[in-house]
Amino acid sequence: MIVARPVVGSTIEARCTRCCQNLPHTVISVKENHLHRVQCAQCDWEHSYRPPLSLSTASMESSSGASEWQKLKATFAGRKAIRYSITRNYEVEALIDHPHFGLGLVRRIKGKYMVEVLFESGAKLMRCNGG
Ligand SMILES: [Zn+2]
């Protein structure tokens, strides 16, 4: 994509090296008709211009983790969570309530004494009794 004569002070889309996402940036300086320094509208970080990541890459990144959790969370409605305890057994798909991590869904059983649980903050291995 050819940007016609970038103007200092105008707003363009660029990738913020601190926020790690495509965001509006204010053009700070231009060198030989190329974007040189830009400032992130979200965190005010001033950095060299980075072209925004392509949409396909960006959507792939955002489809993991957070949105998977959002989808899962919708299935929690009306379900009763089991209070987490290391002396208990858990089945795959069981909803557990952890005092520190909150609600989590058992994704798989890992060996005899571990279960992998997906919490809002990410997947974690938790101890369980295992029999
Ligand atoms: Zn930023």
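Residue positions are counted from 1 within each chain, in the order its sequence is given. Two thresholds apply to this predicted model, a pLDDT of at least 70 for residue-level local features and 80 or more for giving and counting side-chain atom pairs, whereas whole-chain, interface and lining totals are computed over all residues.

S.K.: What exactly am I supposed to notice about the environment of Val-117 here?
M.R.: To qualify as a helix, a DSSP run of H or I must reach at least 4 residues; to qualify as a strand, a run of E must reach at least 2; elements of each kind are numbered from the N terminus. Locating Val-117 in the fold gives a position in strand E8 (residues 114-119). Once the C-alpha coordinates of Val-117 and Val-106 are considered, the two residues, eleven residues apart in sequence, prove to be 4.3 Å apart.

S.K.: Just to check I follow, could you spell out unusual backbone geometry for this structure?
M.R.: Generally, phi is negative for residues other than glycine and the peptide bonds are trans, each holding for most cases. The phi torsion at Asp-44 lies on the positive side, around 65°, for a residue other than glycine. Tracing the chain through its elements places Asp-44 in the loop between strand E3 (34-40) and strand E4 (46-48). A positive phi is found at Glu-93, a non-glycine position, where the angle reads about 85°. With respect to the helices and strands, Glu-93 occurs in the loop between strand E5 (82-83) and strand E6 (95-98).

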